[in-house]
Amino acid sequence: MLDEQVRTAMFAHLERLTALHPEGVTSAEINQFSVAGQPLKLVVQPGIWKPGALDAALTIRTTYTAPNQLPPYEDAIAPGGLVKYAYRGTDPNLSDNRALRTAMQGQRPLAYFIGVAKGVYQAQFPVYVVGEQPEEHAFLIAVDQAQRLVDPDSVETLPADRRSYLEQLVRARLHQPVFRARVLQAYEKRCAICRLQHTDLLDAAHIIRDSDEGGLPVVPNGLSLCKIHHAAYDRDIIGVRPDFVVQVRRDVLVEIDGPMLKHGIQAMHGVRLSVPQHRAARPDPNRLEQRYEEFLSAG
Ligand SMILES: [Zn+2]
């Protein structure tokens, strides 16, 4: 098996799965993969995976974190938005670490699987290992092509606007899709207000806005909402009380308009949110309250 052939086939497979399920793909679906007629598993163990037929790592993986915790890379972002990916153990010469180093030296593209629920992953690809920080027992991963052009050792010397551009790219490429996937998985892919199940029409809304302090991308700061309810929540047309009851702004409640306003918005007044079964994944009442105050002052 040629290394390049395997990687090309893997990306085509992941492309297809991710287009179908941007909110996360199960490990069983990911592993239904074969190349040149031979089955090849892509998700095998947490961490670095190098199939026997290859000389360099093919995939890396992070298991899912508890709903109220940030994914491991969130507090390990290096300058320029590069993701720090921890060694297996602390010995740089363990075979897994060597396999990832070989991928770095050969500039081989990898897939990065980020756990968003039990056995469900958001796939990032292609990603590249662009550096190593032996003293921190970590590799540096570029998740966007633009990051590959930057020398990790000189990121600190880049102009501030260029650095913030790179960090923005990583937010769009990595942080936002993972947050969306985690929230949608927690809500079983439904709108918490109207229960719409069309995942194409669902977003992960922040309760405390991500531009505000405390607006962390964790599930208890999120709500799975359809596009219209997301926009209505962001614009304070709809509010959610800390006891999970939906309120429609008074002036909007008395408006006369077509069926979308009537059935889509006004009829939601007094509805109780459908929240995740798992208690730790439910919306945080303190965050809801803080945001609800804002809603009240908008009315
Ligand atoms: Zn909805």
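Residues numbered from 1 in each chain as written. Predicted model: local features only at pLDDT ≥ 70, side-chain atom pairs only at ≥ 80, totals over all residues. Heavy atoms only, no water.

*Asks:* What am I meant to see in unusual backbone geometry here?
*Replies:* Phi is mostly negative for residues that are not glycine, and the peptide bonds are mostly trans. A cis geometry characterises the amide bond from F125 onward to P126, with omega recorded as -15 degrees. Locating P126 in the fold gives a position in strand β8 (residues 120-133). For Q107, which is not glycine, the phi dihedral falls at a positive 50 degrees. Relative to the helices and strands, Q107 resides in the loop between α3 (95-105) and β7 (110-117). (Helix = DSSP H or I, 4+ residues; strand = E, 2+ residues; numbered from the N terminus.)

*Asks:* What is the right way to look at the packing of aromatic side chains in this model?
*Replies:* Given two aromatic rings, one states the distance between the centres and the angle between the planes to describe the pair. Per the stated rule, a full pass over the model turns up five aromatic pairs. Relative to Y112, the ring of Y85 lies with its centre 5.9 Å away and its plane at 90 degrees, an arrangement referred to as edge-to-face. Here the residue Y85 occupies a position in strand β6 (residues 83-86), and Y112 occupies one in strand β7, the gap between them amounting to 27 residues. Seen from the ring of Y128, R148 lies directly overhead, with NZ or CZ sitting 3.5 Å from the centre. R291 extends its terminal NZ or CZ atom over the ring of Y233, reaching a point 4.4 Å from the ring centre. (Phe/Tyr/Trp six-rings, centres within 6.5 Å; stacked < 30°, edge-to-face > 60°. Lys NZ or Arg CZ within 6 Å of the ring centre and 35° of its normal.)

*Asks:* Looking at this structure, how should I read the pattern of salt bridges?
*Replies:* Opposite charge on two side chains permits them to pair, given that their charged atoms come into close proximity. Under the counting rule described, the total for this entry stands at 16 salt bridges. In this structure, the salt-bridge partner of R108 is D3, at a minimum N-O distance of 3.1 Å. Placement of R108 in the loop between α3 and β7 and of D3 in helix α1 (residues 3-20) is noted, with a sequence separation of 105 residues between them. Pair check on accessibility: R108 and D3 agree, each one buried. Taking the shortest distance from any N to any O, the salt bridge between D96 and R88 comes out at 2.9 Å. A cluster of three or more residues bridged by salt bridges with shared partners is formed by D3, R7, D55 and R108. (Salt bridge = Lys/Arg side-chain N within 4 Å of Asp/Glu carboxyl O. Buried < 20%, exposed > 50% of the residue type's maximum accessible area, 1.4 Å probe, protein only.)

*Asks:* Just checking my understanding: could you explain helix α9 (residues 285-298) for this structure?
*Replies:* Owing to its 3.6 residues per turn, the α-helix aligns residues three or four sequence positions apart on the same side. The end-to-end C-alpha distance of α9 is 20 Å, a good match for the 20 Å that 14 residues give at a rise of 1.5 Å each. Listed as buried for α9 are R287, L288, R291, Y292 and F295. Looking straight down α9, one finds that the buried residues subtend no more than 130 degrees of arc, so they occupy a single side. Among the exposed residues of α9, those pointing more than 90 degrees away from its buried face are N286 and S297. On its buried face, α9 is in contact with β10 (202-206), α6 (227-234), β12 (238-240) and β13 (246-248). The opening residue of α9, the one whose side-chain oxygen lies 3.0 Å from the backbone nitrogen of N286, is D284. (Expected span 1.5 Å × (residues − 1). Arc of directions from axis to C-beta. Contact = heavy atoms within 4.5 Å. Polar contact = N/O pair within 3.5 Å; in protein donor to acceptor, adjacent residues only side chain to side chain.)

*Asks:* I'm lost on α1 in this one. Help?
*Replies:* Its 18 residues place the ends of α1 26 Å apart at the C-alpha level, agreeing with the 26 Å of an ideal helix rising 1.5 Å per residue. Turning to α1, its buried residues are D3, V6, R7, M10, F11, H13, L14, L17 and T18. Those residues of α1 that are buried are in contact with β1 (25-26), α2 (27-30), β2 (34-35), β5 (59-62), β7 and β8.

*Asks:* Mind showing me how you'd approach the coordination of the zinc ion here?
*Replies:* Under perfect tetrahedral coordination by four donors, a metal shows angles of 109.5 degrees; under perfect octahedral coordination by six donors, it shows angles of 90 or 180 degrees. Looking at the metal site, the zinc ion is ligated by C191 (SG), C194 (SG), C226 (SG) and H229 (ND1), spaced 2.1 to 2.3 Å from it. Coordination at the zinc ion comes from four donor atoms whose angles at the metal span 92 to 118 degrees, giving a geometry best classed as tetrahedral. Sequence positions of the donors to the zinc ion reduce to the motif C-x2-C-x31-C-x2-H. Taken as a pair, C194 in the loop between α5 (160-186) and β10 and C226 in strand β11 (residues 222-226) lie far apart in primary sequence, 32 residues in all. For C194, a relative accessible area of 30% gives the class partly exposed. (Donors = N, O, S within 2.8 Å, 3.2 Å for Na, K, Ca; no water. Tetrahedral: all angles 85-135°; square planar, octahedral: opposite > 155°, others 65-115°.)

*Asks:* Looking at this structure, how should I read the domain arrangement of the chain?
*Replies:* A common way to report how large an interface is uses the accessible area buried once the components associate. Segmenting the chain into domains produces domain 1 (3-183) and domain 2 (193-298). With centres defined by C-alpha atoms, the gap from domain 1 to domain 2 works out at 33 Å. Contacts between the two partners involve 11 residues from domain 1 and, on the opposite side, 19 residues from domain 2. The contact between domain 1 and domain 2 buries some 1,200 Å² in all, and 70% of this surface belongs to carbon and sulfur atoms. For domain 1, the biggest contributors to the area lost against domain 2 are P67, F179 and V183; these three give 50% of the whole. Counting across the domain 1 and domain 2 interface gives one salt bridge. A salt bridge links D210 to R171; its shortest N-O distance comes to 3.5 Å. The interface formed by domain 1 and domain 2 contains four residue pairs in polar contact (both at pLDDT 80 or more). Tallied by class, the residues present in the side of domain 1 that touches domain 2 amount to four nonpolar, two polar and five charged. (Domains from an automatic or database assignment. Buried area = accessible area lost by both parts, 1.4 Å probe. Nonpolar A, V, L, I, M, F, W, Y, C, P; charged D, E, K, R; others polar.)

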